[in-house]
2 protein chains.
Amino acid sequence: MTKNAEGKASPVSGQGSRGRYPKGILRRQQILDRTVEVFADLGFEGTSLRAIGEAIGVSHAALRRYFETREELFLEVLREKDRQALAAAHDSGTAPGFAAMSANYVLKTPGLMALRHSMVARALEPGRGRSREFFRDRYRSIRQEARLVLQSAREQGTVRSDIPLDTAASLLVAAMDGLSTQTLLDPEVDMSAGMALLEQLLAPATAEAPRET
Amino acid sequence: MTKNAEGKASPVSGQGSRGRYPKGILRRQQILDRTVEVFADLGFEGTSLRAIGEAIGVSHAALRRYFETREELFLEVLREKDRQALAAAHDSGTAPGFAAMSANYVLKTPGLMALRHSMVARALEPGRGRSREFFRDRYRSIRQEARLVLQSAREQGTVRSDIPLDTAASLLVAAMDGLSTQTLLDPEVDMSAGMALLEQLLAPATAEAPRET
DNA sequence: GTCTATACAGGGATAGAC
DNA sequence: GTCTATCCCTGTATAGAC
């Protein structure tokens with residue numbers, strides 16, 4: 001949305017002048033990458049601007065040239081992970097299907113899951129215009145994606161047709177969120193079992209033989 | 001676990017001596033109450049020990065006599081809300097049932113939901129012994145509660161008998177968590193519709209006529 | 001027992017020099 | 001573009017008044 005932290009300069013939009021500010025672009029990417037690493041080690045509170053700057057070899061004040069705020073920096077990290085995940089999903093299949101979606105949803109780096117969770121928590125607070133907007137839109141697009149998966153599954157006969165798809169999409173996303181939280185807190189919880197159960201519940205009654213309690 | 005922040009002194013355990021330190025007990029409760037209010041206004045970062053102390057009329061250092069750490073104070077707020085919710089649930093029915101459970105799970109105060117979410121996020125990070133243990137145990141007990149609800153529902157014929165109860169309990173709790181997050185971020189999402197759908201999905205195939213997409 | 005005063009190390013944000 | 005210096009804030013810790 002024409003944000004400032006984004007539209008610094010058109011990076012590769014080749015005007016006549018020789019490839020302009022490559023250093024700034026690289027620096028920006030470097031900051032994002034290092035932030036993820038530092039966060040994995042030190043967590044939310046430990047990932048100070050000074051710690052990030054130190055890991056790169058610049059002062060903390062330098063970071064402000066690229067990100068107006070620590071919160072904006074964190075949001076941008078998540079934005080980029082979403083972009084990467086989207087691109088990766090596009091490259092593989094067309095209709096990812098159930099298991100693929102949840103596998104894609106959970107970030108491999110535990111630090112990133114914690115970061116996402118922390119930022120969502122912030123967004124729930126009063127007066128958080130920026131973050132809240134970001135996550136509201138993000139969840140809307142994830143629900144839409146889930147809806148498409150469900151619709152395609154329904155057409156293949158693996159999802160029953162007597163339920164509202166929008167509500168089912170909400171529930172599916174909620175299950176991924178909630179189950180991943182429980183798994184992260186307690187290895188005893190099996191996320192894939194939970195997702196498999198939901199898939200089974202969503203399937204038409206005529207499906208294959210279920211397993212007993 | 002015989003924690004220190006708890007066992008300051010036996011409050012009303014009537015020994016021979018006249019009711020001992022009632023002031024400290026009241027003060028402690030006052031701190032917990034005020035913390036919730038301040039958090040609702042100022043959010044996680046805004047709720048500094050100084051801000052809480054100011055709201056009460058004491059210095060921030062005074063708070064440390066009751067809570068060793070800011071994080072411990074926040075955890076204690078959540079602990080107490082859990083206690084209250086448990087007591088309230090006990091007072092009403094025996095087998096709460098589906099809707100009652102989710103209504104009970106979501107805190108009316110939006111600030112408290114944000115606080116809980118923030119603390120869960122903290123617990124997900126590496127090296128968070130205290131918080132993580134707390135939430136691991138908390139989720140275990142909530143899952144157990146959910147399991148009882150599901151079992152009782154199964155005996156009444158409103159939950160199908162061909163699914164593992166433990167996994168279903170995980171999924172149920174995950175749905176409550178995830179849906180409440182989505183609802184808080186976006187009023188467009190209807191949490192009760194999501195829970196109703198899950199209840200419908202859990203019901204045996206012989207149930208009443210479902211509604212169309 | 002309860003609290004204030006005070007000190008310390010560290011945080012994010014910011015202004016201006018280079 | 002990056003730095004240094006600075007501001008005001010934070011959680012934590014200790015000393016000592018009452």
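The name recorded for chain A in an unreviewed UniProt entry is TetR/AcrR family transcriptional regulator, from Streptomyces levis.

Caption draft 1: Representation of the relation of the copies chain A and chain B. When chain A is fitted to chain B, the residual RMSD is 0.1 Å, and the transformation amounts to a turn of 179° plus an axial shift of 0.0 Å. Both chain copies can therefore be described as sitting about a two-fold axis. When the interface residues of chain A are mapped onto chain B, 100% of them are again interface residues, pointing to one common binding face.

Caption draft 2: Molecular detail of empty space enclosed by the protein. Inspection of the entire model under this criterion finds two cavities of 30 Å³ or more. Approximately 270 Å³ is the volume found for the largest cavity. For the largest cavity, the lining is made up of 21 residues, of which A:His117, A:Asp177, A:Thr181, B:His117 and B:Thr181 are closest to its centre. Class assignment for the residues of the lining of the largest cavity results in nine nonpolar, eight polar and four charged. Size it by volume and the second largest cavity reaches roughly 40 Å³. Taken together, B:Leu49, B:Leu63, B:Arg64, B:Phe67, B:Thr69, B:Arg70 and B:Leu73 make up the lining of the second largest cavity. Residues that form the lining of the second largest cavity fall into these classes: four nonpolar, one polar and two charged.

Caption draft 3: Broad picture of the interface of chain A and chain B. Across the contact, 60 residues belong to chain A and 60 residues belong to chain B. Counting across the chain A and chain B interface gives nine salt bridges. B:Asp186 is the partner of A:Arg143 in a salt bridge, and the nearest nitrogen-oxygen pair spans 3.2 Å. Those elements giving two or more residues to the side of chain A that touches chain B turn out to be α1 (22-46), α6 (110-124), α7 (129-155), α8 (165-185) and α9 (191-202) of chain A. Among the elements that take part in the side of chain A that touches chain B, α8(A) stands out by supplying 15 residues, more than any other. Grouping the constituent residues of the side of chain A that touches chain B by class yields 30 nonpolar, 12 polar and 18 charged.

So, how was this worked out
For every chain, the first residue of its written sequence is number 1, and the numbers climb from 1 along that sequence. Just so you know, chain letters begin at A and ligand numbers begin at 1, following the order they were written in. Local features in this predicted model are restricted to residues of pLDDT 70 or higher, and side-chain atom pairs are both shown and tallied only at a pLDDT of 80 or more, whereas totals for entire chains, interfaces and linings draw on every residue. Only hydrogens and water are removed before side-chain values are computed, so all heavy atoms of the structure are retained for them. Only residues with pLDDT of at least 70 in both copies contribute their C-alpha atoms to the least-squares superposition of the copies. By definition in these notes, contact holds between two residues if any of their heavy atoms fall within 4.5 Å. Only protein atoms enter the 1 Å grid used here. Points where a 1.4 Å probe fits but cannot escape make up a cavity, open sets with protein on both sides within 12 Å along at least five of seven lines make up a pocket, and a residue lines them when an atom lies within 4 Å of a point. Grid points are joined across faces, edges and corners, and a volume is the space filled by probe spheres set on the points. Each residue gets one of three labels, nonpolar for Ala, Val, Leu, Ile, Met, Phe, Trp, Tyr, Cys and Pro, charged for Asp, Glu, Lys and Arg, and polar for the others, Gly among them. The term salt bridge refers to a pairing of a side-chain nitrogen on Lys or Arg with a carboxyl oxygen on Asp or Glu at a separation within 4 Å. Helical segments are the DSSP runs of H or I of at least four residues, strand segments are the runs of E of at least two, and each set is numbered from the N terminus.

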